[in-house]
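Residue-level listing of the chains:
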Amino acid sequence: MTEYKTFKADDAIAFADGHSELFGEHSKLSAEEMSDGELNQVFRVENDKGTSVIVKQALPYARWAGESWPLTTDRARIEAEVLKLHRRFCPEHTVEVHYFDPEACAILMEDLKAYRILRTELNAGKKFNHLAAQMAKYLANTLFYTSDFVMSGENKKAEVARFLNPEMCLITEDLVFTDPYFNHERNNVEHSILDKAKNLWHDEALKAEVAMLKAGFLSKPQALLHGDLHSGSIFIDEQSCKVIDAEFGFFGPVGFDVGSLLGNLLLNYLASPGLHDAADCSEQQAYLLDQAEQLWLQFSETFSELMRRETEDPMLESPIYQQKFLQQVFSDATGYAGCELIRRTVGLAQVADIVTISDAGKRAECQLNVLKLGRELIMQRNDLSNISQLLNLVRYQQTD
Ligand code: SR1
Ligand code: MG
């Protein structure tokens, strides 16, 4: 049994060379350390012909915080296994894992070198018409094929146990569903919006609804989620997009993954006035609302079709049940999108959409709009019957 050690560039090279057929001549390999946001260390290992792979290693702590924030290295196993399973159900839009080493807590995976991070592209005003359709396909297939509609009770329970992921879930439980609603030291509130943040801490009606959403996250193992499907977890190019970074995966409510992505599109919509001039902003906003609409419409159409065609459990074949199930997913997704908006504005982990708005006044205005829409989505989620009503709420909020 190999002992865990933190990889240096040479270790990443040896790991890549030892576990792939791609290279051959070790001496011609080089490794470049790449930043991976908050948690892990990542190397690109490349040969002299430009062929490359990614080595991603989980450190026993959160990289950005250092050793003061210990974190399970089991997240590497979760990530590798979720990606493998999701790739089985949606190979076109899931990054390929070549090899996973449980001792080194390291994953060897496809290098999406020609792709860019979706968040960066959206912030630059780029538009990709394939985004919604492809992500709808990813969501519908990965969530349906890991749900009770097709899995036997016995297998599903074994899979729920295999993907429990308590430490990573706790991060979401705290950062998304708790901290923003209290004066918590982990929060990150700009002075200009402090009054509005304080309102959140005393908004008992809102807190009760967020508690309902948190309870769903804690106790509704409907399908194997990605668990952190924001626009930094999606790579995109002119033809295709691929999902990465599944270390927060676990069996949870279907609406959580859908709502996370929807929330990130809406967040970018509300940040647009701070990121672009008026003409570019209105084009970008029209694009984002169209993608948000298509995401839900195509997700729900594909998920419905899969329920109709592929459901194994005879009780779950009921069309009335299936219709109610999807309506509940819509309501959950709306609420989780609202939670995503709020946590990215006052919580610990903020996003470039907002923080890169250089004009402080515009940034504060965008943040206030985000908080306001977040609250409305959470409070009105059970009254909105369809995506058109949700998008009207977004448009109305903007002009309010
Ligand atoms: C400490 S991790 C902070 C956040 O980054 C991840 O992408 C998740 O969204 C998490 O909540
Ligand atoms: Mg991540």
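Residues numbered from 1 in each chain as written. Chains lettered and ligands numbered in written order. Predicted model: local features only at pLDDT ≥ 70, side-chain atom pairs only at ≥ 80, totals over all residues. Heavy atoms only, no water.

### Re helix α9 (residues 254–275)
Part 1: Counted at 1.5 Å a residue, the expected span for α9 with its 22 residues is 32 Å, and the 31 Å between its end C-alpha atoms agrees.
Part 2: Of all the bends in α9, the greatest, near 25°, is centred on Tyr269, and the proline Pro273 appears no more than four residues after it.
Part 3: Counting buried residues in α9 gives 20 out of 22 residues, a clear majority hidden from the surface. (Helix = DSSP H or I, 4+ residues; strand = E, 2+ residues; numbered from the N terminus. Expected span 1.5 Å × (residues − 1). Bend = angle between axes of the 7 residues up to and from the residue. Buried < 20%, exposed > 50% of the residue type's maximum accessible area, 1.4 Å probe, protein only.)

### Structural notes on the site of ligand 1
Part 1: The immediate surroundings of ligand 1 are formed by Glu38, Trp64, Trp69, Ile171, Leu175, Asp228, His230, Phe248, Arg343, Arg344 and Ala349.
Part 2: Within the side chain of Asp228, a nitrogen or oxygen atom sits 2.6 Å from an oxygen atom of ligand 1.
Part 3: His230 places a polar side-chain atom, nitrogen or oxygen, 3.2 Å from an oxygen atom of ligand 1.
Part 4: Within the complex, 96% of the 320 Å² of free accessible area of ligand 1 lies under protein. (Near = heavy atom within 4 Å. Polar contact = N/O pair within 3.5 Å; in protein donor to acceptor, adjacent residues only side chain to side chain. Areas by Shrake-Rupley, 256 points an atom, 1.4 Å probe, with all protein chains shown as cover.)

### Comments concerning the domain arrangement of the protein
Part 1: Domain annotation of the protein identifies domain 1 (9–110) and domain 2 (116–399).
Part 2: Contact residues are listed per partner, giving 26 residues for domain 1 and 28 residues for domain 2.
Part 3: In this assembly, domain 1 packs against domain 2 so that about 2400 Å² is buried in total across both faces, 64% of it on carbon and sulfur atoms.
Part 4: Interface area lost by domain 1 to domain 2 is led by His86, Phe89 and His93, which between them contribute 28%.
Part 5: Taken together, domain 1 and domain 2 are joined by 5 salt bridges.
Part 6: Residues Lys242 and Glu110 are paired through a salt bridge, measuring 3.3 Å at the closest nitrogen-oxygen approach.
Part 7: For the pair domain 1 and domain 2, the number of links is 13 residue pairs in polar contact (both at pLDDT 80 or more).
Part 8: Sort the elements by how many residues they give to the side of domain 1 that touches domain 2 and helix α2 (residues 75–89) lands first, with 11 residues.
Part 9: Broken down by class, the residue content of the side of domain 1 that touches domain 2 amounts to 12 nonpolar, 5 polar and 9 charged. (Domains from an automatic or database assignment. Contact = heavy atoms within 4.5 Å. Buried area = accessible area lost by both parts, 1.4 Å probe. Salt bridge = Lys/Arg side-chain N within 4 Å of Asp/Glu carboxyl O. Nonpolar A, V, L, I, M, F, W, Y, C, P; charged D, E, K, R; others polar.)

### Thoughts on the side chain of Ser147
Part 1: By secondary structure assignment, the location of Ser147 is in the loop between α4 (131–144) and α5 (153–162).
Part 2: Using a relative accessible area of 2% as the deciding quantity, one classes Ser147 as buried.
Part 3: Ignoring any residue separated from it by four or fewer positions in sequence, one finds Ser147 in contact with Lys156, Gln222 and Ala223.

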